[in-house]
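# A closer look at the structure
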Amino acid sequence: MLNTYTWPEYPYVQSDDQKNGTVKRKPVIVIGAGLIGLSAALDCARLGIPVIILDDNNTVSIGSRAVCYAKRPLEIWDRLGIADKMVEKGISWNVGKVFFKEDLAYEFDLLPEKGHKMPAMINLQQYYCEEFLVDEVMKHSDLIDLRWKHKLISLTQHDDHTSLQVETPDGIFTMECDWMIACDGANSMVRDMVKADFTGQFFQDRFLIADVVMKADFPTERWFWFDPTFHKNQSALLHKQSDDVWRLDFQMGWDADPKEATKPENVIPLIKAMLGNDTEFELEWVSIYQFACRRIDNFRYGRILFAGDAAHQVSPFGARGANTGIQDIDNLTWKLKMVMDGDAPIEFMDSYDEERAFAADDNLLNSTRSTDFITPKSKSSRIFRDAVLELSKKYEFARPLVNSGRLSMPTPYVNSSLNTADEDGFEAGVAPGTNCADAPIIADGAEGWLLNKLSDDFTVLVFGDAPDKSEIKLGNIRAQVITVGAQIEDKAGLLTQRYDAEDGAVYLIRPDHHVAARWRKFDEGKIIAALARATGQK
Amino acid sequence: MSLNLKRNIERPDDFYQELIDMQRDMEEDQVQVMNAKLILILSNHIGDHKTLSEAMSLAKS
Ligand SMILES: Cc1cc2nc3c(=O)[nH]c(=O)nc-3n(C[C@H](O)[C@H](O)[C@H](O)COP(=O)(O)OP(=O)(O)OC[C@H]3O[C@@H](n4cnc5c(N)ncnc54)[C@H](O)[C@@H]3O)c2cc1C
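For every chain, the first residue of the written sequence is number 1, and numbering continues from 1 along that sequence. Chains and ligands are labelled sequentially in the order written, the chains with letters from A and the ligands with numbers from 1. Totals for whole chains, interfaces and linings use every residue, but because this is a predicted model, local features are given only for residues with pLDDT of at least 70 and side-chain atom pairs only at 80 or more, for both listing and counting. Where side-chain values are given, they derive from all heavy atoms of the structure, hydrogens and water being excluded.

### Quick word on empty space enclosed by the protein
Over the atoms, a rolling probe the size of a water molecule traces out where space has been left empty. A cavity here means a set of points on a 1 Å grid, drawn over the protein atoms and nothing else, where a 1.4 Å probe fits but cannot get out; a pocket is an open set with protein on both sides within 12 Å along at least five of seven lines, and a residue lines either one if it has an atom within 4 Å of a point. Grid points are joined across faces, edges and corners, and a volume is the space filled by probe spheres set on the points. Within this structure, the stated rule accounts for four cavities of 30 Å³ or more. Quantified by volume, the largest cavity comes out at close to 190 Å³. Taken together, 18 residues make up the lining of the largest cavity; nearest its centre are R369, D372 and F373 of chain A together with Y16 and I20 of chain B. By residue number, the principal contributor to the lining of the largest cavity is helix α1 (residues 12-23) of chain B, which donates six residues. Any residue that is not Ala, Val, Leu, Ile, Met, Phe, Trp, Tyr, Cys, Pro, Asp, Glu, Lys or Arg is counted as polar, Gly included; the first ten are nonpolar and the last four charged. The class makeup of the residues in the lining of the largest cavity is six nonpolar, five polar and seven charged. There is about 100 Å³ of room inside the second largest cavity. Taken together, R72, E75, I76, D78, R79, K117, M118, D330, D438, L451, N452 and H513 of chain A make up the lining of the second largest cavity. Numbering of helices and strands runs from the N terminus, with a helix taken as a DSSP run of H or I at least four residues long and a strand as a DSSP run of E at least two residues long. Listing elements by their share of the lining of the second largest cavity, those giving two or more residues are α3 (71-79) and α12 (450-453) of chain A. Sorting elements by how many residues they give to the lining of the second largest cavity places α3 of chain A first, with five residues.

Here it is as C-alpha cells:
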C-alpha cells in the first residue's frame, strides 16, 4: 500500500539511570507517548514540572486513527504551542451531508460562531499531531526526558511513591516516581496492574476503516450515508484529511470476517461503489475495528492518575477519544502542580476524578447514542430510525433527531465541588464549572485573544471599575487581576456579551480556564473564599 | 392550530434515547401496542381534528 507519510524513527538511548544502576526518584513519570502522554508532558513542562515519558515503541501513531479535533482541544494545544501548526496542516470544514438510501436527506452547516481564535473543527491524521507534539517536546529537553523503547512491565505502589520495572533493549531496570500519569492507551497495563475495573458496553458490530489517497474534486465536507444503495443495510462515511487522504468508514455487521473483509479484492469494489467507477484512488490503510464505550472506575489510584484512552474508551462517532483525553490533561496538571508544591492537600487530586469521570460519562453517553442510532439494535429502533431519516428529507423538525455523531463539546463541570454557586443573578455568560469562551481583545496596543491573555495561575477578570489590586493571594496561590478597559480592551463587544457583563461582572478563572465563581461586584473576601474552595483547602 | 413542522422537541437526544430504551427489551407485539397507545395519547393532547388529519396524511405519504 501507498504511503503519503514517512514514519519517523526516534532513537533509543540508554539512560544514565539504567547504565549506572542507581535509582533516583523522579517527580513525575508519564507512561505512553501517544497524543495524551505527549500533551501531559508538555503541560507539565509549561508549569515547570520536570517529567520523564516512557514509551514502548519508537514512532508515532500507526494506522487509521483520530481525524477530527474540536475547538477546545485546539485551545489547549495552543497553550502548548502547537495549535497553529495543526490548523495550518489540517483541513477545515463546515458542511455535512446526510444521505438516506439513494437520496440526499439534508445538509447542514456547522456555522461556527465568529470571534474565536480556534476553528470549530479541523481534520488531521493522528500521526501528524503526534509528530508536532514530539517536535515540541524536543524543544523542552531541559524539563522533558522522552525515552523510546522503554516498556513498563510491572509496578509496586507505596504510600509516597511508585516503583517501576522498565524493560529496554539493554534489559530490565528499576525506576521510582512520586507521581505517575498513565497514558498507556485503551489496553492499559497500568490499569491492570492496579486492578482497576474498566467496564461499559461492547458493540456487536464491525467497521472497515480505509484511508485512501485520491485527487478527486469531492468537496471538503463530511458525507454520511444511512443504508446506501452501494452498501445495503449498513452505514458509510467519507471525510477529508490532509495530503489528499480521505477517511472512509463502512459498517460491516457483526458477522463480517476481518481477514476476508480487508483483502484488497473485497475492499476495492466496495470503495468503487461508493466513489463511482471512474474515481481513481489508492489504498493507504485498511483495517477492521470493533468499538466499545467504557471507562475506568476511578481516575486516581493513589499516586497514579489515569488519562486518555487508558481511562475511557469511546466509539469514534462524534470524534471524542483524543478530544476528551486532552481535556483530562488540562484538568490534571495544574492540580498536580499545586499538590506537589504543597499548596493543596493530596486529596485535592480526587477532584480530578470527580470532574473528568463526569466528563467521561457525558462522552460515553453521546457516543453510545450515536452508535445506537447508526446501528439500531432492535426492529422497532430500526423502524424509528428510518422514519426519522425519511421525515428529515422534508421536515426540519426531524433533523435534530438524526444522529451520525455529535460534535465534541467540552463538558461543563456543573456539579463540581470546586465551584462556588452563583449568588448574583446571571442570565447568561459563562457559568461556574464551564470553560471560558474566547473573544477578540486588544492588549498592549495589539490585537489578540482573551484565552492567550489569561494567567497560568488563577485570573480575576473584572468588567467594571478597576480594583486597586493587581493580584489576590491565598498563601502561595495567586490570582492575577485583569480588568477589561485597563489591561485589555473589548475589541468588538463580544467579550462583554459572552460574559453577560453589561452590568459589571467579576469572574474567578482557574488555571485550566474554567470558571470557579462569579459575581456582579469585586469583593476580595468572596474571591478568597472561592479560591480556597477551588483549590481544596481544608 | 396548524401542524408544526419546525424544530420543537426539547433536548432531542434525551427524548430519542428514552423512547428507544423503553422498547429495548420488548417483544414486537408489545412495541406495536405501546406505539399505538402513544399515538392515541398524543392525539388526545393535540385534540384539533384538522391538525391530526394533516399529521396522519403526512405520515402515510
Ligand atoms: C478509527 C478511529 C478513529 C478515531 N477518530 C478520532 C477522532 O476523529 N477524534 C478523536 O478525538 N479521537 C479519535 N479516535 C480516538 C483516538 O485515536 C484515541 O483517543 C487516542 O489515540 C488516545 O490517545 P492515548 O495517548 O490515550 O493512547 P494511545 O494513542 O493508544 O497511546 C498509548 C501509548 O502508550 C504506549 N504504551 C502502551 N503500553 C505501554 C507500556 N507498558 N510501556 C510504555 N509505553 C506503553 C503505546 O506505545 C502508545 O504510544 C479514533 C480512534 C480510532 C481507532
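Moving on from the model shown.
### Observations concerning the domain arrangement of chain A
All names here are of chain A. An automatic or database domain assignment supplies the residue ranges for each domain. Splitting chain A by domain gives domain 1 (16-89 + 118-202 + 293-366) and domain 2 (440-534). Placing a centre on the C-alpha atoms of domain 1 and another on those of domain 2 gives a separation of 30 Å. Opposite the 13 residues of domain 1 that make contact, domain 2 presents 13 residues. Buried surface area refers to the total accessible area, computed with a probe of radius 1.4 Å, that the two partners give up upon joining, counted for both partners together. When the buried surface of domain 1 facing domain 2 is broken down by residue, R79, W334 and D343 rank first, second and third, together holding 48% of it. Note on definitions: salt bridges are taken to be side-chain nitrogens of Lys or Arg within 4 Å of carboxyl oxygens of Asp or Glu. At the surface where domain 1 touches domain 2, the tally comes to three salt bridges. The shortest N-O distance in the salt bridge between R46 and D456 comes to 3.0 Å. Among the elements of the structure, α3 and α9 (321-340) are those that each provide at least two residues to the side of domain 1 that touches domain 2. In what follows, residue pairs with any heavy atoms lying within 4.5 Å of each other are defined as contacts.

### Some points on the site of the ligand
Residues and elements named next belong to chain A. In this text, near means that some heavy atom of the residue lies within 4 Å of the molecule or strand in question. Taken together, 33 residues form the shell around the ligand, and within it D55, D56, C68, Q126 and D309 come nearest. Two N or O atoms count as a polar contact when they lie within 3.5 Å, although within protein this holds only if one can serve as hydrogen donor and the other as acceptor, and sequence-adjacent residues are included solely when both atoms are side-chain atoms. Between the ligand and the protein, one listed contact pairs an oxygen atom with a backbone N or O atom of V67 at 3.0 Å. With respect to the ligand, the backbone of A322 contributes an N or O atom lying 2.9 Å from an oxygen atom. Elements that contribute at least two residues to the shell around the ligand include exactly α2 (35-46), β9 (151-157) and α9. In terms of residue count, α9 provides more of the shell around the ligand than any other element does, three residues in total.

### Quick notes on the sheet that holds strand β3 (residues 68-70) of chain A
All names here are of chain A. Strand order in the open sheet formed by three strands is β3-β7-β4, with antiparallel pairing between adjacent strands. Among the strands making up the open sheet, the edge pair consists of β3 and β4 (91-92). For two strands to be treated as a pair, DSSP must find no fewer than two bridges joining them. Where β3 and strand β7 (residues 121-123) come together, three bridges link them in antiparallel fashion. Bridging across to β7, Y69 finds its partner in I122. Strands β3 and β7 of the sheet are contacted by α3, whose axis makes an angle of about 75° with β3. Every axis corresponds to a line fitted to the C-alpha atoms, with the helix fit spanning only the stretch in contact, and the corresponding angles, defined between N-to-C directions, vary from 0 to 180 degrees.

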